[in-house]
Structures are given as structure tokens and as C-alpha cells.
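Summary of structural features
These are the residues of each chain, in order.
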Amino acid sequence: MAEAADIVIVGAGATGLAFAWRLANLQPDLRILLVERGDFVNQRNAASKKNDWELALQKSFHANPNIRKSAADYPVDESQTPIKPAFFNAVGGSTIRWGAHFPRFRPSDFCSFSQDDIAADWPLNYDDLAPYMDINDEMMGVSGLAGDPANPVRAERGHPPLGFCTGSRKLAEAANKLGWHWWPADAAIASTDSVVGRGACNNCGPCGIGCPRHARASADIAYLRAAQQVGVNLITCKIVKQIITINGEIKAVEVINQNGTIMKINCGELVLAGNALSTNILLRSIDGWHNQLLGQGLMLHPTAIVTGYFKEDLQSYAGPFATSIVSQQFCETDQARGFLRGFQMQVLRGQGPLSTALGGYGERLPWGAQHNRDFDSAFGRSISLTITCEDLPEAENRIEVDKSRLDKFGMPTARMIYRLGENSLKMRDFGIARAREWLVAAGAQKIVVTPLSEQAGFHLMGTAQMGSCAKKSVTRNDGRVHGFENLTIIDASVFVTSSPVNPTSTLQSLALRAADLMSARLAAA
Amino acid sequence: MSKETIIAMLDCLIPGDTTGWPAAGQHGLSSRFLELLDSLFEQADKYLEIMLTELPDNFSALSTKQQTACLSSIESTQPDAFEAVLKACYAAYYTDPRIRQILEKKTGYEARPPQPEGYHLPPFDESLLEPVRARGPIWRKVP
């Protein structure tokens, strides 16, 4: 087992694997080691091949680690947040559990302060990341359509858009009636058979329990083999417990093995690629280092869900659940709306019978005399819209680490402290009204609103924001922590603002760029 | 909790109807219900104990109206236990192969897992986008 590496990367998820692959290609002589707390997930045997597949969503593939409680999961104190944590611990990270919606942050997302006098600007811009987004698209395998008028011009996608069910088509036609923007969603899902080893999506629906065809990308499918082919090493079921420094320089990490023994891995560079929670825990393990901004500015993309129930069969059980239509009509700031920045609307479908009965994106069906009749009215006949709000980096929203409360591995527990700010609340309410309008235009007979989706803390952004000033940020624009030359963060804790769109495309492009910058730095040294 | 009480409780939660849906208890789902309650909830024993305490001994002999009143009361006073029981009941019902056969007959949604066959959807119809394209760019250019 490796006891020393030039580069140790904590976390083999969306960013860790992309970073490792890129750096190994640029610097083939480096010994690069990925340390992952979870294990491999064999998606070829996904639960979607079993009759009781929906049970997986209730337990073993539940998004919330506090409910899932698998061997690799650690508890999160969620008592002070209405939005609960949602992430997955495995090789591939949370991309094992995701819907693969793959929009890019837009140019204005990087300069909220200079454009809207709110939050802060990033120390980089869209053009800095666009080339890396293209590289990442190629690795992940993206379906979609060029020419979206809500985004800058970019290359053709590798695959055509995914198919529409009757419900998605109805919503597209309704948006046209309203004169609103919509576009087929960019998806990290292969819609054709053109990638070796990955079959085309066959519209099964529940991408979140793994894809046996490997049509839906996850970081392990997209990057692991390619990274290993250029010499990257991976060890699994190992938990990094402590960062060890000598004279202000990172020297090693302490790692807990499955049997509870501790091993030490010496490293030249340390890269944190978990999530904002694990990164906060690890940074607070560094003796003698403190940054008062660490932990502040947690952003979670508060999301409302508005569900329409229709008279006709929409086939809404078919098709990848998160990736048919997106509307960016209300993404950019319009001060007349009473709030700054904006929100994205996204169509959700893919509800099986059990999810329909339990409420899925809408309301839990009543028990008793009317249950079966209500089920008949709901199954395959409902479709939902999310209102994903751009969250502002407010200092009160934060992650704290409780060193007095240890988990089963002896690690401190992270606590999420979060409430919706005034801007987010106004935005959310405006968005709910627009979603209602859209569903009515599509012919919905009944509409149910979930004002805040609780189990939706998928996008853990901020708390170690990047910036050019060491007094106003935690990390530099390459992800390196201020005060250290060899400690880099590449997870979404470095995000300065949250954009209203899903972060993974932007997040992975930041990781690829960080690999290039590290390579150049090491070459110069 | 006796098997008879469980069957009556499941029947009250999902009573079935005249269109082909069976009642959950009479359909023989009590064992599966208990199995799922146990696998989905760490506190399954506690929840069952609460139901046992709250439901009258003669629950199965009560009228549907009386049974519904009992369960409604537990729903308000013991929401965690009730929601767990209801979730396990729905899970047992909607993952049962015979129920799925009924669903297939009623809706055409096939009684099989989503994979490996998946579902057919028509290819994306690009003509839908003509009005969106016609309106031109809406993203904000920044310096």
C-alpha cells in the first residue's frame, strides 16, 4: 500500500477523478494517489433491474446520508437547516446518485458584484473556464443542442437531445404560448451508442439509483479508467482523518483503515475534493491554522417544486427524471421583480408507482377510501417543475465543526446552519407563481406546491470561497488555501456565488483548470 | 400486534375499489409489510409498539368508519409512527408483482423493472424550438 505520493487527492468523485486524470496526463512522472472513503458501486447491477427498484430510493440510495447510513457515510447535524444534506460516498461520489443535469454557469454568474452590486465577483470568468468545460463535456459524454439563446455560443454536443415524453412536449408547447425561454436540457447522458462501453440511454427513468447501461455518466465511468491508464492510483474505504503540517507546509495525512488502524501517507501536495462538509472538517484538523471566513457563506440552491396533475396520460414515468426541459427565462436580474439575480426552472418526471403514492415531487396520496382513485388520477399523469434559486453567500449560513461530537470513525461532526435569506424567499415565491402559470398554460387540472424541497441539499457550495484578497477569502483562484503553498481545494466549497444552475459542469471545469495551474507551478519549480 | 389487526389496518389504509384494485391486507401483504417496515426504519419495533398501544384490541371487528377514525387519530398524535407504517404499507403494495400486473392492465405501464428494456420515446422534435430561436439571445453579456 502506498505510504507516500507526490499528490494526494481526498475524494474520488466528480472533481477528484477529473483533476487526477488531467494532472497525470500533464505530469506523467508524478505519483498521484486518490483516497476515497467509499467503495466501488457496480452500476451494471443497479436496482433498476429489479422489480422492487423503488425501494432503493427509500433507503440504500436515499440522498441523505443520515437516512441512508451506509458503511462509508458520516452523520451531519441537520437540526439547524430546513434543507437537508444530500451526497453520496463512493468511487464516483455524488455523481453515482445524481440526475446528470449538466448546464454551465453563465458569464454573469461570475460577476454578481460588478453587475448587480451584490455578493462578490469570482477571481476568474466564464472565458477562463469555457475551454475546460469543453474538455469535460467530451469526457462525461453530453447530450443536448447547440444554439441555446440563454447561453453563450458553444460547440455541438456529442449526442442529440434526449427524447420527450408527452408531458415534456406539453410543457414545451405551453412555454411557447407564454413566449418564455425553454431548451432541451444539457445532460451528462449518452443519447446514442457512440461511446465505447456505454450504451445509449433507454429512457428507463430512475438515473439516481445508478445506470446499468453506463449511459448516464458518473465520474467513475467517465474518468476512472482513463486516469488509471495514465498511472493514477486509487485506494478505497480509507478515511482521511488529519492533515499534518510542519512549519506551515502540508507534509502528510493520517488515514483510518477499515479495521480501525491508522496509516500515514506523506505527500508533496494535498488536494481536497470531497464536499464542503468534509473539507471543513479536514481544514479544522490542521493544528495552528485558522481562517475566520472558513465555514461562512454556505449556499444550497433552495428549491421549490410545483407539480401539475393532468387529465391525460403524460407517460411521465419514462425518460431520465431530471433532464428533459430547462427554462432560463428568469435567470438574469430584473429589478422590477423585487429581487436580484434569478432562478432556473427544470422539468422533473420519472415517477414510478411507489414514488407516486408517496408523493414524489408532489403530495403524498391520502390513505383510505379515496386512495386508489387518487392513484389512478396521479400515476403517469403528473409532471413537476423545480424552481432552483440562486443562493447568495450570506455569512449567517455556515458550516460549523463540532469537535466534541465524534462519529463512528472518531471524526468531528459537521453542522449545517442555514435559513433562506430575504432575496431567496422573494425569488422563490415569484418562481412558484411562474411555475403555476406554466402548468396552467399546459392544461394542468390540479397544481400542488412544495415551497421548499427538504431532501435537496445536493449542491453544497461556498464556505471556503476563492478570491484574490487573503483577508476576504479562504482560497486563491487556483483553489490553493491562502497561507499554504501545497494545499488545494477543488470541491464546491470554493464557489464564490452559486448561479441558479446545477454546478457540476462548472465544478469539474474548475478542477481541470486547477490541474493545469498546478502542473505549470510544479514545472516551474 | 396480531396478524388479524395488521390485515385490518392495511385494508383500512388501502381499501381497494371496484375498478380492480384489491385491499392491501386481504391481498396478503402483511408479512411483506412487516419486512419492509423493519428494513426501512431503524425504529420499526417502536413504531409497531405505538400502533399496538394506540389501536383498540377489537380493531379488526370495528366498522370501516370506526377504523378510519382510530387511524386518523394516530396520524395526528403519533405522526412519525403513522407515516412509517403508511410508507411500509404503500411500499409493500406498489412493489408487489400482482399489484403491478393490475396496474399494467389498467394503464399499460408494464409489470417489469425499468431495466433492461427501458421505454421508447420519440426523438426530440427540433421544430418546437422555432419561436425560442426567433426571439434571439437573452443571456447577459458582461465586460
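Thresholds applied
Residues numbered from 1 in each chain as written. Chains lettered and ligands numbered in written order. Predicted model: local features only at pLDDT ≥ 70, side-chain atom pairs only at ≥ 80, totals over all residues. Helix = DSSP H or I, 4+ residues; strand = E, 2+ residues; numbered from the N terminus. Rg over C-alpha atoms; globule rule 2.2 N^0.38 Å. Buried ≥ 20, exposed ≤ 12 C-beta atoms within 10 Å, placed from the backbone. Contact = placed C-beta atoms within 7 Å. Nonpolar A, V, L, I, M, F, W, Y, C, P; charged D, E, K, R; others polar. Pairing = 2+ DSSP bridges. Axes fitted to C-alpha atoms, helices over the stretch in contact; angles between N-to-C directions. Core = buried A, V, L, I, M, F, W, Y, C linked by C-beta atoms within 7 Å. Expected span 1.5 Å × (residues − 1). Left-handed = near helix turned anticlockwise from the far one by under 90°. pLDDT = per-residue confidence, 0-100.

Focus on the overall build of chain B
Of the regular secondary structure elements, chain B holds seven helices and zero strands. What you see in chain B, going N to C, is helices and strands ordered as α-α-α-α-α-α-α. In terms of overall size, chain B is more extended than a compact globule, its C-alpha atoms giving a radius of gyration of 23 Å where 143 residues would be expected to give roughly 15 Å. Seen through its principal axes, chain B has C-alpha atoms that stretch 70 × 45 × 30 Å. Within chain B, the proportion of its 143 residues that are buried is 37%.

A few points about the overall build of chain A
Helix and strand content of chain A: 12 helices and 16 strands. For chain A, the C-alpha radius of gyration of 22 Å lies close to 24 Å, the compact-globule estimate for 525 residues. Overall, chain A is about 70 × 50 × 45 Å in size when its C-alpha atoms are taken along their principal axes. Burial analysis of chain A (525 residues in total) assigns 60% to the buried set.

Brief notes about the interface of chain A and chain B
Often the size quoted for an interface is simply the accessible area lost on bringing the parts together. Across the contact, 54 residues belong to chain A and 42 residues belong to chain B. Breaking the side of chain A that touches chain B down by element, the ones donating at least two residues are helix 2 (54-58), helix 6 (166-178), strand 4 (183-184), helix 9 (353-358) and helix 10 (371-378) of chain A. No other element matches the four residues that helix 9 of chain A contributes to the side of chain A that touches chain B. Considering only residue class, the side of chain A that touches chain B consists of 28 nonpolar, 18 polar and eight charged.

Re the pairing of strand 12 (residues 382-389) of chain A
Residue and element names in this part refer to chain A. Counting buried positions along strand 12 yields eight of eight residues, so the element is predominantly enclosed. Taking every second residue as pointing to the same face, both faces of strand 12 are buried, with Ser382, Ser384, Thr386 and Thr388 on one and Ile383, Leu385, Ile387 and Cys389 on the other. Looking at chain direction, strand 9 (residues 303-309) and strand 12 are connected through seven bridges and run antiparallel. Bridge pairing in strand 12 places Thr303 opposite Thr388. Of the strand pairs in this sheet, strand 11 (residues 343-348) and strand 12 are connected by six bridges, and their pairing is antiparallel. Bridge pairing in strand 12 places Gln344 opposite Thr388.

Overview of the sheet that holds strand 3 (residues 76-80) of chain A
Residues and elements named next belong to chain A. Strand order in this open sheet of three strands is 3-14-13, and the pairing throughout is mixed. Because the sheet does not close on itself, it has two edges, and the strands there are strand 3 and strand 13 (398-406). Direction aside, the axes of adjacent strands within the sheet are offset by 30° on average. Here strand 3 runs beside strand 14 (residues 412-417); their pairing, made up of three bridges, is parallel. Following the sheet pairing, Asp77 is matched in strand 14 by Arg415. Relative to strand 13, helix 8 (residues 276-283) is tilted by about 60°, and along the sheet it contacts strand 3, strand 13 and strand 14.

Topic: the nonpolar core
Within the largest apolar cluster, 162 residues are counted, with the highest numbers of intra-cluster contacts made by Ile7, Val8, Ile9, Phe19, Ala20 and Ile32 of chain A. The biggest single contributor to this core is helix 1 (residues 14-26) of chain A, with eight residues. With residues up to four places along the chain from it excluded, the contact list for Ile32 of chain A reads Ala5, Asp6, Ile7, Ile9, Ala20, Leu23, Ala24, Val232 and Asn233 of chain A. Within the second largest apolar cluster, 43 residues are counted, among which are Ala357 of chain A together with Phe59, Phe82 and Ile99 of chain B.

Some points on the sheet that holds strand 12 of chain A
Residue and element names in this part refer to chain A. Taking strand neighbours across the sheet as the criterion, the six strands line up as 4-10-11-12-9-15 in an open arrangement whose pairing is antiparallel. Here the strands that pair on one side only, and so sit at the sheet edges, are strand 4 and strand 15 (446-450). Pairing analysis gives five bridges linking strand 9 to strand 15, with the strands arranged antiparallel. Among the inter-strand pairings, Ile305 is bridged to a residue of strand 15, identified as Thr450. On top of the sheet, helix 6 reaches strand 10 (325-327), strand 11 and strand 12; it is set at about 25° to strand 10, its chief contact.

Regarding helix 11 (residues 422-442) of chain A
All names here are of chain A. Between its first and last C-alpha, helix 11 extends 31 Å over 21 residues, near the 30 Å set by a 1.5 Å rise per residue. Every buried residue of helix 11 is listed here: Ser424, Met427, Arg428, Gly431, Ile432, Arg434, Ala435, Trp438, Leu439 and Ala442. Of the surrounding secondary structure, the elements contacted by the buried residues of helix 11 are helix 6, strand 9, strand 11, strand 12 and strand 15. Gly443 lies just past helix 11 and shows a positive phi near 105°.

Re the packing of helix 1 of chain A against helix 12 (residues 504-524) of chain A
Angle between the axes and distance between the axes are the two parameters that describe a pair of packed helices. Residues and elements named next belong to chain A. Orientation of helix 1 relative to helix 12, taken along the N-to-C sense of each, is 30°, at an axis distance of 8 Å. For the pair helix 1 and helix 12, the crossing hand works out as right-handed. Where helix 1 approaches helix 12, its residues Ala14, Thr15, Ala18, Phe19, Arg22, Leu23 and Leu26 are matched on the opposing element by Thr504, Leu507, Gln508, Ala511, Leu512, Ala514, Ala515, Asp516, Met518 and Ser519. When grouped by side-chain class, the residues that make up the contact of helix 1 with helix 12 number 11 nonpolar, four polar and two charged.

A closer look at the confidence of the model for chain B
Mean pLDDT over chain B works out to 96, with 100% of the residues at or above the 70 mark. Here the prediction assigns the complex a pTM of 0.97, and the interface score ipTM is 0.97.

Regarding the environment of Lys105 of chain B
Residues and elements named next belong to chain B. Position of Lys105 among the secondary structure elements: in helix 6 (residues 97-107). Accessibility expressed as a C-beta count within 10 Å gives 11 for Lys105, which makes it exposed. As a C-alpha pair, Lys105 and Tyr94 span 11 residues in sequence and 14 Å in three-dimensional space.

As for the environment of Leu510 of chain A
Residue and element names in this part refer to chain A. Position of Leu510 relative to the elements: it lies in helix 12. The sequence separation of Leu510 and Met133 amounts to 377 residues, and the corresponding C-alpha distance is 8.5 Å. Look past the residues within four positions of Leu510 in its chain and what remains in contact with it is Leu129 and Ile490.

Remarks on unusual backbone geometry
The peptide bond linking Gln115 of chain B to Pro116 of chain B adopts the cis configuration, its omega dihedral lying at 10°. Of note in the backbone geometry, Asn247 of chain A takes a positive phi value of approximately 50° without being a glycine. Mapping Asn247 of chain A onto the fold places it in the loop between strand 6 (239-246) and strand 7 (249-256). Within the chain, Arg341 of chain A stands out as a residue other than glycine whose phi angle is a positive 65°. Structurally, Arg341 of chain A is set in the loop between strand 10 and strand 11.

With respect to the environment of Leu282 of chain A
Residue and element names in this part refer to chain A. One can find Leu282 in helix 8. For the pair formed by Leu282 and Pro412, sequence separation is 130 residues and the distance between their alpha carbons is 9.2 Å. Filtering out sequence-adjacent residues up to four positions away, Leu282 remains in contact with Val10, Val240, Ile243 and Leu272.

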